Amino acid sequence: MTPNRYNTRVVAFLCLTFCLLAHGTMHKYGLRLQNALGFSKLLILCAIALSGLLCLAGVPGFAVRDGYETPRNFEWGTMWEGSGTGVNAFVTGLYSVIW
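To keep things clear, this report deals only with the structure shown in the data block. Worth saying up front: this structure is predicted, and the values here are computed from it rather than measured.

Turning next to the overall build of the protein chain. When you go through the protein chain residue by residue, the secondary structure sums to 4 helices and 0 strands. Ordered by position from N to C terminus, the α and β elements of the protein chain give α-α-α-α. Since a compact globule built from 99 residues should have a radius of gyration of about 13 Å, the 21 Å found for the protein chain marks it as more spread out than a globular shape. With 99 residues in all, the protein chain has 3% of them scored as buried. With an accessible surface of roughly 9,400 Å², the protein chain has 69% of that area assigned to carbon and sulfur atoms. For the protein chain, the distance from the average site of its 7 positive side-chain charges to the average site of its 4 negative ones is 29 Å.

Okay, here's the thing in structure tokens:
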């Protein structure tokens, strides 16, 4: 089934209804579910960050495969490529850090 406008809205409605019912009728278990999902999200983000660090360290299993261009994110000449220096970029950065 390909996702379209109506499929995604029905799934979103069902997810929100489930969350509403879980917190409305079983507050204790709803909070446990929310905490478990949040903790699993943190574990996934830590695994992603760790795999990036292992790739930078040169661990063979985490190296960039042949046929792909090696990223140059940490070279000084390309680190700030595409960044803006205007007031709008500064304010947007501050707002993003605050929230």
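What follows is about the layout of surface pockets. What the largest pocket holds in volume is close to 170 Å³. Forming the walls of the largest pocket are Gly52, Cys55, Leu56, Val64, Thr70, Pro71, Arg72, Asn73, Phe74 and Glu75.

To continue, consider the environment of His23. For His23, the position within the fold is in helix 1 (residues 5-25). With 12 residues separating them along the chain, His23 and Asn35 place their C-alpha atoms 13 Å apart. The contacts of His23, once residues within four sequence positions are left out, are Gly30, Leu31 and Gln34.

The next thing to look at is helix 1. The first and last C-alpha atoms of helix 1 sit 30 Å apart over 21 residues, in line with the 30 Å expected at 1.5 Å per residue. Two or three places before Tyr6, at the start of helix 1, stands the capping residue Asn4, its side-chain oxygen 3.1 Å from that residue's backbone nitrogen.

This brings us to helix 4 (residues 87-98). Relative to the 16 Å expected for 12 residues at 1.5 Å per residue, helix 4 spans 17 Å between its end C-alpha atoms, a close match to the ideal helical length. Taken across its 12 residues, helix 4 has 0 buried, putting it largely on the surface.

Conventions we followed
Residues numbered from 1 in each chain as written. Predicted model: local features only at pLDDT ≥ 70, side-chain atom pairs only at ≥ 80, totals over all residues. Heavy atoms only, no water. Helix = DSSP H or I, 4+ residues; strand = E, 2+ residues; numbered from the N terminus. Rg over C-alpha atoms; globule rule 2.2 N^0.38 Å. Buried < 20%, exposed > 50% of the residue type's maximum accessible area, 1.4 Å probe, protein only. Areas by Shrake-Rupley, 256 points an atom, 1.4 Å probe, with all protein chains shown as cover. Lys, Arg positive; Asp, Glu negative; His and termini not counted. Charge placed at Lys NZ, Arg CZ, Asp CG, Glu CD. 1 Å grid on protein atoms, 1.4 Å probe; cavity = no way out; pocket = protein on both sides within 12 Å on 5 of 7 lines; lining within 4 Å. Points joined across faces, edges and corners; volume = space filled by probe spheres on them. Contact = heavy atoms within 4.5 Å. Expected span 1.5 Å × (residues − 1). Polar contact = N/O pair within 3.5 Å; in protein donor to acceptor, adjacent residues only side chain to side chain.

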